Amino acid sequence: AQSVTQPDIHITVSEGASLELRCNYSYGATPYLFWYVQSPGQGLQLLLKYFSGDTLVQGIKGFEAEFKRSQSSFNLRKPSVHWSDAAEYFCAVGPFSTGNQFYFGTGTSLTVIP
Amino acid sequence: GAVVSQHPSRVICKSGTSVKIECRSLDFQATTMFWYRQFPKQSLMLMATSNEGSKATYEQGVEKDKFLINHASLTLSTLTVTSAHPEDSSFYICSATSTGTGTSNTQYFGPGTRLTVL
């Protein structure tokens, strides 16, 4: 069965430091992969997505993610975190032909300290 | 592009009443819309998937008679919580996807609706 794992429930980084959020998926083939960000009380905003091609994907707000097939991972990175990056981050895979649905990870909460 | 709106953003109602939440795709045609429920500090729980012009497909454990979903047009889906109870209080989020260029295979989310049932 398809699944998405975000091993880190909560991460705290200092402003200006680098960031890496982990995401692992379980699926027989290469799925479509996404990272979304959610600010408190808001919906989800798409940061970036990977469908095929170059395994390093650039997104909005200075984020990037790298797809590694051998590790079934799609980790999100940012070289220098800003205080406004504090939010909840969700990794997702999909859609699948069995209903067009996506599977979301449990999310990683990011705290940025001055 | 690919903007999804939800209305209302926040609603408070009395127990036993019904509440309707609208989800609109503003600049693309949404062939499929999804309704999620999110509890505090948790991930999204898919409630149902709706395709324009057909009945919604509900996830296991979701009462279809309580959560009525209508997807009457390519830009509008509604979720009606019938006979709401305090345990229905939650954050409801919709998303939309289409087969159009630039929006295919990607879910775009609305800003969410906070429902509080007294």
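Cut-offs used in this document
Residues numbered from 1 in each chain as written. Chains lettered and ligands numbered in written order. Predicted model: local features only at pLDDT ≥ 70, side-chain atom pairs only at ≥ 80, totals over all residues. Heavy atoms only, no water. Salt bridge = Lys/Arg side-chain N within 4 Å of Asp/Glu carboxyl O. Helix = DSSP H or I, 4+ residues; strand = E, 2+ residues; numbered from the N terminus. Buried < 20%, exposed > 50% of the residue type's maximum accessible area, 1.4 Å probe, protein only. Contact = heavy atoms within 4.5 Å. Buried area = accessible area lost by both parts, 1.4 Å probe. Polar contact = N/O pair within 3.5 Å; in protein donor to acceptor, adjacent residues only side chain to side chain. Nonpolar A, V, L, I, M, F, W, Y, C, P; charged D, E, K, R; others polar.

### Some details on the pattern of salt bridges
Under the counting rule described, the total for this entry stands at 6 salt bridges over all chains. A salt bridge links A:Arg77 to A:Glu64; the shortest N-O distance between them is 3.2 Å. With A:Arg77 in strand β9 (residues 73–78) and A:Glu64 in strand β8 (residues 64–68), this pair connects stretches of sequence that are 13 residues apart. Accessibility expressed as a relative area gives 23% for A:Arg77, which makes it partly exposed. The partner of B:Asp88 in a salt bridge is B:Lys66, and the shortest N-O contact between them spans 2.9 Å. With B:Asp88 in the loop between β8 (76–81) and β9 (90–97) and B:Lys66 in the loop between β6 (57–58) and β7 (67–73), this residue pair connects regions lying 22 residues apart in the sequence. Take B:Asp88: its relative accessible area is 4%, and that puts it in the buried class. Of the residues examined, B:Lys66 reaches a relative accessible area of 11% and is grouped as buried. Salt bridges sharing partners connect three or more residues here, namely A:Glu64, A:Glu66 and A:Arg77.

### What to know about the interface of chain A and chain B
Each partner contributes residues to the interface: chain A has 20 residues there, and chain B has 22 residues. The contact between chain A and chain B buries some 1,500 Å² in all, and 54% of this surface belongs to carbon and sulfur atoms. In this assembly, chain A and chain B are joined by 0 salt bridges. At the junction of chain A with chain B, the criterion picks out 5 residue pairs in polar contact (both at pLDDT 80 or more). Those elements giving two or more residues to the side of chain A that touches chain B turn out to be β5 (33–38) and β6 (44–50) of chain A. Classifying every residue of the side of chain A that touches chain B gives 10 nonpolar, 9 polar and 1 charged.

From the geometry alone we can't say anything about function, so treat these as descriptive.
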